[in-house]
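Overview (structure and organization)
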There are 2 protein chains.
Amino acid sequence: MSSGAPVKPIRIRGAPAAGGRLPLLCAPLVAASRDGLLAEAAAAVAAQCDIVEWRVDFFGEIGNTAAVVEAGTALRAVLGGMPVLFTRRSAAEGGEPVPISEAAVLELYDEICASGCVDLVDYEMSNGAASVKAVRDASRRHGVGLVCSYHNFDATPPLPALAAEFRRAQAMEADVAKVSVMARAQGDVLALLAATQQASRELEPALIAVSMGPHGALSRVIGFAFGSALTFGVASGASAPGQLPIAELRTGIEAARKALGS
Amino acid sequence: MSSGAPVKPIRIRGAPAAGGRLPLLCAPLVAASRDGLLAEAAAAVAAQCDIVEWRVDFFGEIGNTAAVVEAGTALRAVLGGMPVLFTRRSAAEGGEPVPISEAAVLELYDEICASGCVDLVDYEMSNGAASVKAVRDASRRHGVGLVCSYHNFDATPPLPALAAEFRRAQAMEADVAKVSVMARAQGDVLALLAATQQASRELEPALIAVSMGPHGALSRVIGFAFGSALTFGVASGASAPGQLPIAELRTGIEAARKALGS
């Protein structure tokens, strides 16, 4: 593309996801039940998403590892080859509170990576270096990619702080660095995009960059032009403020692509 | 709208143009002949533009004031109420060389304002304070709006320099401040949008902000979210690098508007 900001694709077991299409359209799955999860997955397939994010912090049986793996296996069958990003979003970074300890979460990540039913896992950097290393080791052992993430639902930190979060993800050996921050004014989206572009030039990992809320929603459409490889849209249920329906997202990206002549 | 950046409308003889629709879609008219000009105007009407910019530096008979006024009168008839921005773009800022002196250009501006066949005139600030004042006086005397403009076809100056150009337009008593600069990297569009948002908060004039070239083309679609009241698109002939067809521009703006929830 002509943007000057190289967009590194997110790789799934060695190959660029969706044949290298950028940005990937990702639908969050936020059901509490196995049946709800499979219904959301079917909606993601119908909406022709490229990938789903299973937000397991919403899943009622998160404390039962066998049930999680069984649901993950059923999910695979419904998705028919569409890759799965597995995420327990911590309550501290906007997720649902879960009834299990962080040690149990780490065991769950290990088991789900071993099960073969997910392709990427997302883990917050705020959990600390030791925990991130445990997830990094487990994911690497089983050929699963690691997204190291930073979320801020209150505000958009200044550009140097955003850049530092992207760098921190690289230092933690992430395959994908994710920064998702709340826009409180229209200008905040510009800081996020500038930090993303800088990271796309300087760092190794693929990037996911999100400016949340109404003032940030443009980032979901044009972020790819600044280096973001994946954008979240709604197939059935939203997981963060400002997410657009997948079809609108696709229309907007197509219009932006035409504007960029790519 | 929800952007937090107030977009001041461009006013035509006291009332917001196009009933206050933002951004205005403006087609440049770049014909050398009277017939060509009227054909381009008809294309602008067919494309449902909101306003046209008559780039008189392309007009073969620019040296014959009576012919310019006659063509302008014929233009009015074809446009059926669509307002006209009249512009002699100087060669120093990317326009066509013209065979008349700057003093003759000032006389032409005076005559065309008096004729009643244009609603706004654009004049480059680089022509100097005395000349801008002459155009300001003539335009004000006849109820015509003044766009004070700055163009840079080489590069995007740093944000403080962009902000200074917007402020200079206000100091010259512009009704509309226009800054149009070449993007040499994708990040340049962010600097232009940030300067525009700042100006929309701090200054009085309506704004036109353009990031030119492929790396800047997104500004033509999303600039309104940062305070730009008008965007240029192609109905028949382009006047600057990166201009999109009016229909694509409209689709992109609509998609951006949905993303912004406005």
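Residues numbered from 1 in each chain as written. Chains lettered and ligands numbered in written order. Predicted model: local features only at pLDDT ≥ 70, side-chain atom pairs only at ≥ 80, totals over all residues. Heavy atoms only, no water.

Thoughts on the overall build of chain A
Heads up, the rule is: Under the DSSP-based scheme used, a helix requires at least four consecutive residues in state H or I and a strand at least two consecutive residues in state E, with every element numbered from the N terminus. Radius of gyration means the value over C-alpha atoms here, while the globule rule gives 2.2 Å times the residue count to the 0.38 power. Categorising residues by exposure relies on relative accessible area from a 1.4 Å probe, with only protein chains included: less than 20% of the type maximum marks a residue as buried, more than 50% marks it as exposed, and the intermediate range marks it as partly exposed. Contact criterion: two residues are considered in contact whenever any of their non-hydrogen atoms come within 4.5 Å of each other. Only the protein chains shown count as covering a residue, and every accessible area follows the Shrake-Rupley method with a 1.4 Å probe.
Of the regular secondary structure elements, chain A holds eight helices and 11 strands. For chain A, whose C-alpha radius of gyration is 17 Å, the value lies close to the compact-globule estimate of 18 Å for 262 residues. Based on the C-alpha atoms only, the size of chain A along its principal axes is roughly 45 × 40 × 35 Å. Going through the 262 residues of chain A one by one, you find that 58% of them count as buried. Taking the intrachain contacts of chain A between residues at least 6 apart in sequence as the baseline, contacts between residues at least 24 apart amount to 75%. Carbon and sulfur atoms form 55% of the exposed surface of chain A, whose accessible area is close to 9000 Å².

Describing the nonpolar core
Basically, it comes down to this: Think of a nonpolar core as a cluster: buried Ala, Val, Leu, Ile, Met, Phe, Trp, Tyr and Cys residues, connected wherever their side-chain atoms sit within 4.5 Å.
Of all hydrophobic cores here, the largest spans 140 residues; its most connected members are A:Trp54, A:Phe86, B:Trp54 and B:Phe86. No other element matches the seven residues that helix 6 (residues 188–202) of chain A contributes to this core. In contact with A:Trp54, other than residues within four places in its own chain, are A:Leu29, A:Leu37, A:Phe59, A:Val68, A:Ala71, A:Gly72, A:Leu75, A:Val84, A:Leu85, A:Phe86, A:Thr87 and A:Ile112.

A short note on unusual backbone geometry
In this structure, the amide linkage connecting A:Leu22 to the following residue, A:Pro23, adopts the cis form with an omega of -5 degrees. Here A:Pro23 lies in the loop between strand 2 (15–16) and strand 3 (24–29). At B:Gln48, a residue that is not glycine, the phi angle is positive and equals roughly 55 degrees. Position of B:Gln48 relative to the elements: it lies in the loop between helix 1 (34–46) and strand 4 (51–55). Of note, B:Glu173 is a non-glycine position whose phi angle comes to about 65 degrees, a positive value. Tracing the backbone shows B:Glu173 in the loop between helix 5 (159–171) and strand 8 (176–182). Classification of B:Glu173 by relative accessible area gives partly exposed; the value is 43%.

A look at the packing of aromatic side chains
We count it as follows: Only rings of Phe, Tyr and Trp enter the pairing, Trp through its six-membered ring, and a pair is recorded when the two centres are within 6.5 Å. The plane angle decides the type: under 30 degrees is stacked, over 60 is edge-to-face, the rest tilted. For a ring to carry a charge above it, either NZ of a lysine or CZ of an arginine must fall within 6 Å of the ring centroid while also lying within 35 degrees of the normal to the ring plane.
Evaluated as defined, the whole model comprises eight aromatic pairs over all chains. Where A:Trp54 meets A:Phe59, the ring centres are 5.5 Å apart and the plane angle is 85 degrees; that geometry is what we call edge-to-face. With respect to class, A:Trp54 is no different from A:Phe59; both count as buried. On the numbers, 5.5 Å between centres and 85 degrees between planes, the contact of B:Trp54 with B:Phe86 is edge-to-face. One end of the pair, B:Trp54, is in strand 4; the other, B:Phe86, is in strand 5 (residues 84–87), with 32 residues separating them in the sequence. Take B:Phe86: its relative accessible area is 0%, and that puts it in the buried class. A connected cluster of aromatic rings, assembled from ring pairs, spans A:Trp54, A:Phe59, A:Phe86, A:Tyr109 and A:Tyr123. In this structure, A:Arg257 is placed above the aromatic ring of A:Phe224, and the distance from its NZ or CZ to the ring centre is 5.0 Å.

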